[in-house]
Amino acid sequence: MTFSAGMPLAIELALFALAVVVLLIGIVGRGGGGPDPRAAKSSESIGRVPRSGTESSHSGSAAGWVTLFGLLAIFGLTFTAAEGASILRGSFVQDALALFAKRLFLASAAISVLGSLTLHQYAFSRRAAEYHFAIIVSVLGMSILASARELVLLFVAFELMSIPLFLMTGFLKRDSAAPEAALKFFLVGTASSAVIVYGMSFVYGATGSTALEAIPAAMADGNPLAQVGMVLLLAGLGFKIATFPFHMWAPDTYEAASTPFVAWLSVAPKAAGFVAIVRLYVEGMGAPMLAWIPAFAAMAGITIITGNLMAIPQQNIKRMLAYSGIAHIGYMLVGLAAFSSSGLAMLLFYLVAYMFGNMGAFLVIETVSRSGQSDEIDAYKGLAQRSPLLALAMLVFLLSLGGIPFVAGFWAKLFVFLAAIERGLYGLVFLGAVLTVVALYYYLLVARRMYIEAPERENPVAVPGLLATAIAICLLGVVGMGVYPAPWVEMAERVAATLFS
């Protein structure tokens, strides 16, 4: 069989080939030497903020550029893929939802890699190929997960996605915080995997099959084994998307890991978790899902409350955005709780808007932390005077996350609220609207420091060209979706319609 875009596995095979190429680049590059590890120890132990660009190795740069262009090429390949193809007796499908999710995974990974090309700590210059290899493998797991319509394949894809994330969280192993955060992430991830596979065992016991199409009949009959299994699956998936009360790993992980990686971690794995939930509870469960609407609504409400209230006292901006991200997961769950074509469409729209807004904010954080060598919110004092364009970009990202007209985040929240109103979830919409105002408080605290308070330093913030490009892409996405959301809404509605037809 020849390789072509029409093959159901074309995207996954391309990712696998890219991973092999990047790994070989790393192996060949190791033979050419590199920075002195003894000199690098003191440099890396300083922290996550790079001090200079002199430690970059040619193999590390090559691996990064190959990864970037490879991801972009595969992103283009998704537009030539044949929609509706399936293999393995329907266990792997290339439908509209899968292609939508794969484009989001690839786009977010490419933006993250573009931002990480400017990282020059010893770990990134000497082991850059390992880092980029791990990203590609994780994207491969997400890609398989998006197409999985069978429980075992779903679980294997989750593990293929998750294991590289643990590695990348602790990639700066000489940093005092990274190993601890990686261990916490690993333990929570392992627990969630155990809960997921335990839930799958109940579903299999009730249906006698691992295929998703066997679930609706068991749920419609009120099979207690199937119901327990689906509850356990929801709990395990709650860990993956960091919903309350399974959110404990997110703040420590975000604070300790490399910021360009965190920008991607905050978006892509969460989107993968939502795709799995859609496969299991919307497409897989079908009409019996109506009985679960109160559970999803309650989960959405408590997650919104927890994320927003715990973000208020944070002084570290990465921890603040971690709790803010938990709140955004709650807003996305509002769209899921609506259990309608419009609700699912607006969830998908929200994921894209959140990708641009949140990744852009983290990339600005990376830029400021390099200049001030701090992730504290106080480091943003007077940023508008030091670097007006960078401050403006951060303000736009914060306004989008806060839901202010007319940027992408405003339409995302408005649309999920409208979908929930159609379902009659008035209390949940009221709660979400009130907590949106609360969220503006801590977002605008950062804006206050940037535009009102006097700077502690006078020197401008240096923005590397590649990092500036990544920020500009996110800025264009946020503003473009805000000014003209119609094409994005239509795309999301078309994907959602295929699941409710």
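Located above this text is the structure these notes cover.
Definitions and cut-offs
- Residues numbered from 1 in each chain as written.
- Predicted model: local features only at pLDDT ≥ 70, side-chain atom pairs only at ≥ 80, totals over all residues.
- Heavy atoms only, no water.
- Helix = DSSP H or I, 4+ residues; strand = E, 2+ residues; numbered from the N terminus.
- Rg over C-alpha atoms; globule rule 2.2 N^0.38 Å.
- Buried < 20%, exposed > 50% of the residue type's maximum accessible area, 1.4 Å probe, protein only.
- Contact = heavy atoms within 4.5 Å.
- Areas by Shrake-Rupley, 256 points an atom, 1.4 Å probe, with all protein chains shown as cover.
- Lys, Arg positive; Asp, Glu negative; His and termini not counted.
- Charge placed at Lys NZ, Arg CZ, Asp CG, Glu CD.
- Core = buried A, V, L, I, M, F, W, Y, C linked by side-chain atoms within 4.5 Å.
- Polar contact = N/O pair within 3.5 Å; in protein donor to acceptor, adjacent residues only side chain to side chain.
- Phe/Tyr/Trp six-rings, centres within 6.5 Å; stacked < 30°, edge-to-face > 60°.
- Lys NZ or Arg CZ within 6 Å of the ring centre and 35° of its normal.
- 1 Å grid on protein atoms, 1.4 Å probe; cavity = no way out; pocket = protein on both sides within 12 Å on 5 of 7 lines; lining within 4 Å.
- Points joined across faces, edges and corners; volume = space filled by probe spheres on them.
- Nonpolar A, V, L, I, M, F, W, Y, C, P; charged D, E, K, R; others polar.

A. Layout of the overall build of the chain. A tally of helices and strands in the chain yields 22 helices and 2 strands. Relative to the globule expectation of 23 Å for 501 residues, the C-alpha radius of gyration of the chain, 22 Å, shows essentially globular dimensions. For the chain, the residues scored as buried account for 62% of the 501 residues in total. A separation of at least 24 residues holds for 81% of the contacts in the chain among residues at least 6 apart in sequence. For the chain, the accessible surface area stands at approximately 17,700 Å², while carbon and sulfur atoms represent 69% of it. Of the side-chain charges in the chain, 28 are positive and 26 negative, and the distance between the mean point of each set is 5 Å.

B. Spotlight on the nonpolar core. Among the nonpolar cores identified, the biggest contains 181 residues, and Phe-105, Met-230, Trp-264, Leu-280, Tyr-281 and Phe-296 are the most heavily contacted of them. Considering every element that reaches this core, the biggest residue donor is helix 16 (residues 341-372), with 20 residues. Contact partners of Met-230, with chain neighbours within four places excluded, come to Val-203, Ile-215, Met-219, Leu-280, Tyr-281, Met-285 and Trp-292.

C. Fine view of the side chain of Lys-240. In this fold, Lys-240 is placed in helix 10 (residues 224-241). A distance of 3.3 Å separates a polar atom in the side chain of Lys-240 from a polar atom in the side chain of Ser-162. A polar side-chain atom of Lys-240 sits 3.4 Å from a polar atom in the side chain of Ser-192. With near-sequence residues (within four places) excluded, Lys-240 lies in contact with Phe-158, Glu-159, Ser-162, Gly-189, Ser-192, Ser-193, Ile-196, Trp-249, Pro-269 and Lys-270.

D. Up close: the packing of aromatic side chains. Evaluation of the coordinates by the stated rule reveals 18 aromatic pairs. Taking the centre distance of 5.7 Å and the plane angle of 20 degrees together, the rings of Trp-65 and Phe-69 count as stacked. Separated by 4 residues within a single helix, Trp-65 and Phe-69 lie in helix 3 (residues 58-77), roughly one turn from each other. Residue Trp-65 is classed as partly exposed on the basis of its relative accessible area of 32%. Centre to centre, the rings of Phe-185 and Trp-249 are 4.7 Å apart; their planes meet at 10 degrees, and the pair counts as stacked. Of the two residues, Phe-185 sits in helix 8 (residues 178-207) while Trp-249 sits in helix 11 (residues 249-256), which places them 64 residues apart along the sequence. Residue Phe-185 is classed as buried on the basis of its relative accessible area of 7%. What makes Trp-249 buried here is its relative accessible area of 4%. Three or more aromatic residues joined by ring pairs make a cluster, and in this case those are Phe-349, Phe-406, Phe-410, Trp-411 and Phe-415. A cation sits over an aromatic face here: Arg-103 above Phe-79, 4.2 Å from the ring centre.

E. Here's a closer look at unusual backbone geometry. Omega for the bond connecting Phe-244 with Pro-245 falls within 30 degrees of zero, at 0 degrees, which places this linkage in the cis form. Note that Pro-245 resides in the loop between helix 10 and helix 11. The omega torsion across Pro-405 and Phe-406 is -5 degrees, close enough to zero to call that bond cis. Phi is positive for Ala-242, which is not a glycine, with a value near 65 degrees. Among the structural elements, Ala-242 can be located in the loop between helix 10 and helix 11. One non-glycine residue with positive phi stands out, namely Phe-339, at about 45 degrees.

F. Layout of the environment of Phe-186. In this structure, Phe-186 sits in helix 8. Phe-186 sits 244 residues away from Phe-430 along the chain, and the two C-alpha atoms are 36 Å apart.

G. Focus on empty space enclosed by the protein. Counted under the stated rule, the structure contains 3 cavities of 30 Å³ or more. In this model, the largest cavity occupies a volume close to 120 Å³. Taken together, 13 residues make up the lining of the largest cavity; nearest its centre are Ser-162, Phe-185, Phe-239, Lys-240 and Trp-249. If you list the elements that add at least two residues to the lining of the largest cavity, you get helix 7 (151-169), helix 8 and helix 10. The residue makeup of the lining of the largest cavity, split by class, is 9 nonpolar, 3 polar and 1 charged. When its volume is computed, the second largest cavity comes out at roughly 60 Å³. Among the secondary structure elements, those contributing two or more residues to the lining of the second largest cavity are helix 16, helix 18 (388-402) and helix 19 (408-423). Residues that form the lining of the second largest cavity fall into these classes: 5 nonpolar, 4 polar and 1 charged.

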